[in-house]
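For reference, the chains in residue letters:
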Amino acid sequence: MLVRKHFLETKALLREVEPAIIASWLLNDGFFPEQYVLPPTFKVSNFELRAEPYFPDLTSVKSKFIISVSYPKSALTHRLFGIQHPHHYHDIVYWLMDSWEAIIEHLFDDEIKIYSYSFPIPLSKKDDLDLSPLRSGRMIYEWIEMAERDLIVDAVKYNYLARTDITNFYGSIYTHSISWALHAKDIARKDKSFALLGNKLDKLMQYSNDTKTNGIPVGSALSDLIAEIILASVDKSISRSLNEVEFVGARFKDDYRILCQNEANAKLVIKTISDELMKFNLNINESKTKITKLPDGLYREHSKHYYMHSLSSEKNVSFKKFEMTVLIAMDIHRKFPGTSILDKFLSELFYKNKLKIDFSKESSKRSKELMKVISILLLMKRESEKILSNVLSIIDDVYINYKKQHPELKEYLKEKIQDDIILSSSKDSIFDVLWLMFFSKYLKLGIGDVDLLVNSNVIKENDFYRSLKSGKQYIFNDSRINLFVLPSTLKDKRLIEYVDVFKRD
């Protein structure tokens, strides 16, 4: 099976990387959420694995609060990312590395028959075992590879696909379940001195989040790794329970896809996944649980609708084609919300790192087209907040390439950014305000005192906002870890290189 081959290959690659390199990557490149969440000014530069933990005595560990950043998913809900205090984060990495061989064996246990495609550390044969600082690209492409190649190749022997995912996964994780996953519940409960690795991790996760036992922060690679530790145990139990059933299973984070021979087996698989998750206080999302007759479910619906309009094979596109494809991509996004179709469209706007759009050769017409691109892209990001970094990267490219020919762009862009900061502030969207404020400083647009545009106390009291506004680190400044750089120090690269726009899908 290709899914098993991938699983074993990941394990083999991981064994070739020194634990010290893994630790350094987790501390530096894995500390903050993926590139689209925070502007590149929030960057770790001096986080090293110490010879001893910050908290050698876990009975007296200090409690800290998570610092969060969020963006609106809808009119009523927000997507919340949380960053732990570096000292707690460090000690979790320290203890994981102290038992790294056991962690590898746990994650890639021979009994597991549901194969994960979401190992959070970017291993790649192409990188000569050098870990990439970019997180999102490899994981997303692995998921596509699994869904549209590996499972499809293995599907010929099967008739049904069972799909489900976990409701509010990270927010529902019970920190004690980390130890249950590694040691079993009865053994974990007997350890009152934090001798067991799982209980060390449990305590540090709790105390990095104001002693809360429900939920772990979303965003860091370390949280993703903790989630994999828990789900590896669940997957092993599911595999044991289904030992008499023939199936092929794959998982990306909390999303399960299982190939089955018949509908009865598919129903049994869903029930077994639900039963085993409940042992860890987790529940399947019934609205996203489906059993379909193959080949339905193997191909992403939004991709099927977009394929005939894709710009991926084009080297150049007219301005009109760009406009029409934007409208098509947004229609598909509205029909299939929550997909990556807008990211895909934006990534297709480049060929060999050059923007594909052919603007008019006539100066006055070109000026209007450039302004329309800026306006269209800013309107587009209102459809999906998470594409804001990609949108700003493209605007950055347009502005840098044409600002000398069209000096009027600066005032137009400044006005648009100011308007969008005011709009984002009214929604308490720290995510939007941070990126827009960073962008104005990055391009030196001169928007002045951003406090005059922001009327949200929620935003003004946020340490990310205070850091970017003042040019001084306010996030965990007691840690003595450098977590912030000035926007002016980042001009050696185009913005697209920081946010990994080319690798999105």
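Within every chain, residues take consecutive numbers counted from 1 along the sequence as written. Local features are withheld for residues below a pLDDT of 70 in this predicted model, meaning they are given only at 70 or higher, and side-chain atom pairs are given and counted only at 80 or more; totals for whole chains, interfaces and linings count all residues. The side-chain values count all of the structure's non-hydrogen atoms but skip hydrogen atoms and water molecules.

J.: Looking at this structure, I do not really get the overall build of the protein. What am I missing?
T.: Strands here are runs of E lasting at least two residues and helices are runs of H or I lasting at least four, both read from the DSSP assignment and numbered beginning at the N terminus. The secondary structure content of the protein amounts to 21 helices and 11 strands. Every radius of gyration here is taken over C-alpha atoms, with the globule rule written as 2.2 Å times N^0.38, N being the number of residues. Taken over the C-alpha trace, the protein has a radius of gyration of 24 Å; the compact-globule value for 505 residues is 23 Å, and the two agree within 12%. Expressed as lengths along the three principal axes of its C-alpha atoms, the size of the protein is roughly 70 × 55 × 45 Å. The buried share of the protein, reckoned over its 505 residues, is 58%. A separation of at least 24 residues holds for 77% of the contacts in the protein among residues at least 6 apart in sequence. Computed with a 1.4 Å probe, the accessible areas rest on the Shrake-Rupley method; for each residue, only the protein chains presented here act as cover. For the protein, the exposed surface amounts to about 22,000 Å²; the carbon and sulfur share of it is 50%. Residues scored as charged are limited to Lys and Arg (positive) and Asp and Glu (negative), so that His and the chain ends carry no count. Taken as the charge location is NZ of Lys, CZ of Arg, CG of Asp or CD of Glu. With 73 positive and 69 negative side-chain charges, the protein shows a separation of 3 Å between the mean positions of the two kinds. Only protein chains enter the accessibility calculation, which uses a 1.4 Å probe. A residue is then buried if its area is under 20% of the maximum for its type, exposed if over 50%, and partly exposed in between. In what follows, residue pairs with any heavy atoms lying within 4.5 Å of each other are defined as contacts.

J.: Whenever I open this one, the sheet that holds strand 3 (residues 114–116) confuses me. Can you help?
T.: Think of a sheet as strands paired side by side through backbone hydrogen bonds, with each pair either parallel or antiparallel. A pair of strands is considered paired only if DSSP assigns at least 2 bridges between the two. Strand order in the open sheet made by the five strands is 3-5-6-4-7, with mixed pairing throughout. Edge positions in the sheet fall to strand 3 and strand 7 (290–293), since each has one partner strand and no second. Direction aside, the axes of adjacent strands within the sheet are offset by 20° on average. Strands in contact with helix 1 (residues 2–15) are strand 3 and strand 5 (247–252); relative to strand 3, the strand with the most contacts, it is inclined by about 50°. Each axis is a line fitted through C-alpha atoms, and for a helix only the stretch in contact is used; angles between axes span 0 to 180 degrees, taken between their N-to-C directions.

J.: In this structure, what is going on with the packing of aromatic side chains? I would like to understand it.
T.: Where two aromatic rings form a pair, the distance of their centres and the angle of their planes describe that pair. Only rings of Phe, Tyr and Trp enter the pairing, Trp through its six-membered ring, and a pair is recorded when the two centres are within 6.5 Å. The plane angle decides the type: under 30 degrees is stacked, over 60 is edge-to-face, the rest tilted. The full count for this structure, using the stated rule, is 21 aromatic pairs. With 5.5 Å between their ring centres and 65° between their planes, Tyr-174 and Trp-180 make a pair best called edge-to-face. Here Trp-180 and Phe-280 contribute two aromatic rings whose centre-to-centre distance is 6.4 Å and whose plane-to-plane angle is 55°, an arrangement assigned as tilted. A residue pair is termed long-range when its members are at least 10 positions apart, and Trp-180 in helix 7 (residues 176–183) and Phe-280 in the loop between helix 11 (263–278) and strand 7 qualify at 100 residues. Under the relative-accessibility criterion, Trp-180 is labelled buried at 9%.

J.: Before we go on, may I ask you to explain the environment of Phe-319 in this structure?
T.: Looking at where Phe-319 falls in the secondary structure, it is placed in helix 13 (residues 319–335). For Phe-319 and Phe-359, which are 40 residues apart along the polypeptide, the C-alpha to C-alpha distance reads 6.1 Å. If we ignore the near neighbours within four places in the chain, the residues touching Phe-319 are Ile-357, Asp-358, Phe-359, Glu-369, Lys-372 and Val-373.

J.: Sorry if this is basic, but what is going on with the pattern of salt bridges here?
T.: Side chains bearing opposite charge may pair, as long as their charged atoms lie close to each other. Take a side-chain nitrogen of Lys or Arg and a carboxyl oxygen of Asp or Glu: if they are within 4 Å of each other, that pair is a salt bridge. Under the criterion given, the structure shown has 28 salt bridges. Taken together, the shared-partner salt bridges connect Lys-381, Arg-382, Glu-385, Asp-420, Lys-427 and Asp-432 into one network.

J.: What is the right way to look at the environment of Gly-30 in this model?
T.: Here Gly-30 shows up in the loop between helix 2 (19–28) and strand 1 (67–72). Overall, Gly-30 belongs to the buried group, its relative accessible area being 0%. C-alpha of Gly-30 to C-alpha of Ser-389: the two residues are 359 residues apart in sequence and 18 Å apart in space.

J.: So what exactly am I meant to see when it comes to unusual backbone geometry here?
T.: What you tend to see is this: most non-glycine residues have negative phi, and most peptide bonds are trans. Omega for the bond connecting Leu-294 with Pro-295 falls within 30 degrees of zero, at 10°, which places this linkage in the cis form. Note on placement: Pro-295 falls in the loop between strand 7 and helix 12 (301–306). We note that Phe-194 has phi near 60°; this positive angle belongs to a residue other than glycine. Within the secondary structure, Phe-194 is located in the loop between helix 8 (185–190) and helix 9 (197–207). In this structure Phe-194 comes out as buried when scored by relative accessible area, which is 19%. Here Phe-476, not a glycine, exhibits a phi torsion of approximately 50°, which is positive. Note that Phe-476 resides in the loop between helix 20 (463–470) and helix 21 (495–499). Taking the relative accessible area as the measure of exposure, Phe-476 reaches 8% and is therefore buried.

J.: Please clarify how the nonpolar core should be interpreted in this entry.
T.: Most often, soluble globular proteins have nonpolar side chains that are buried together. Counting 170 residues, the largest nonpolar core has Leu-26, Phe-32, Phe-345 and Phe-464 as its most contacted members. Sequence-distant contacts of Phe-464, that is, excluding residues within four places in its chain, are made with Phe-32, Leu-38, Phe-42, Ile-67, Ser-68, Val-69, Ile-83, Leu-434 and Ile-475. We call a set of buried residues a nonpolar core when its members are Ala, Val, Leu, Ile, Met, Phe, Trp, Tyr or Cys and they connect through side-chain atoms within 4.5 Å of each other.

J.: Can you help me understand helix 9 in this one?
T.: A turn of α-helix holds 3.6 residues, and therefore any two residues three or four places apart point the same way. Here helix 9 lies mainly inside the structure; 11 of its 11 residues are buried. Taken together, the buried positions of helix 9 are occupied by Leu-197, Gly-198, Asn-199, Lys-200, Leu-201, Asp-202, Lys-203, Leu-204, Met-205, Gln-206 and Tyr-207. Of the surrounding elements, those touching the buried residues of helix 9 are helix 3 (86–98), helix 4 (100–107), helix 7, helix 8 and helix 10 (221–241).

J.: Help me understand a positive patch on the surface, please; the structure alone is not making it clear to me.
T.: Residues Lys-403, Lys-404, Lys-410, Lys-444 and Lys-491 make up a contiguous surface patch of positive charge. With respect to the element layout, Lys-403 can be found in the loop between helix 16 (388–402) and helix 17 (408–426). Among the residues examined, Lys-403 registers a relative accessible area of 35% and is labelled partly exposed. Like charges are joined within 9 Å and nonpolar side chains (Val, Leu, Ile, Met, Phe, Trp, Tyr) within 5 Å, but only among residues with over 30% relative accessible area and no salt bridge; these make up the patches.

J.: Please explain the confidence of the model for the protein as it appears in this structure.
T.: Parts of the model with low pLDDT should not have their predicted coordinates read in detail. Residues at a pLDDT of 70 or more form 93% of the protein, whose mean pLDDT is 91. A residue's pLDDT is the predictor's confidence in that residue, given on a scale from 0 to 100. Across the protein, element-level confidence peaks in helix 3 with a mean pLDDT of 98 and bottoms out in helix 5 (residues 136–154) with 63.

J.: Even after reading the chapter, I still don't get empty space enclosed by the protein, so can you show me in this structure?
T.: Summary: where empty space remains is shown by rolling a probe the size of a single water molecule over the atoms. A cavity here means a set of 1 Å grid points, computed over protein atoms only, where a 1.4 Å probe fits but cannot escape. A pocket is an open set with protein on both sides within 12 Å along at least 5 of 7 lines, and lining residues have an atom within 4 Å of a point. Grid points are joined across faces, edges and corners, and a volume is the space filled by probe spheres set on the points. A complete count under the given rule lists two cavities of 30 Å³ or more for this structure. Listed by contribution, the elements that provide at least two residues to the lining of the second largest cavity are helix 6 (169–172) and helix 10. Per-element accounting of the lining of the second largest cavity gives the leading share, four residues, to helix 10. By the convention adopted, Pro, Cys, Tyr, Trp, Phe, Met, Ile, Leu, Val and Ala count as nonpolar, Lys, Arg, Asp and Glu as charged, and the other residues, Gly among them, as polar. Partitioned by chemical class, the residues of the lining of the second largest cavity number four nonpolar, one polar and three charged.

J.: Please explain the pairing of strand 4 (residues 160–165) as it appears in this structure.
T.: Residues in a regular strand project their side chains so that they alternate between the two faces of the sheet. Burial within strand 4 is extensive, with five of its six residues counted as buried. Across six bridges, strand 4 lies against strand 6 (residues 255–260) in antiparallel orientation. Bridge pairing links Tyr-160 to Cys-260 in strand 6. Summarising the sheet, strand 4 and strand 7 pair through four bridges and their orientation is antiparallel. Across the sheet, Arg-163 pairs through a bridge with Lys-290, a residue of strand 7.

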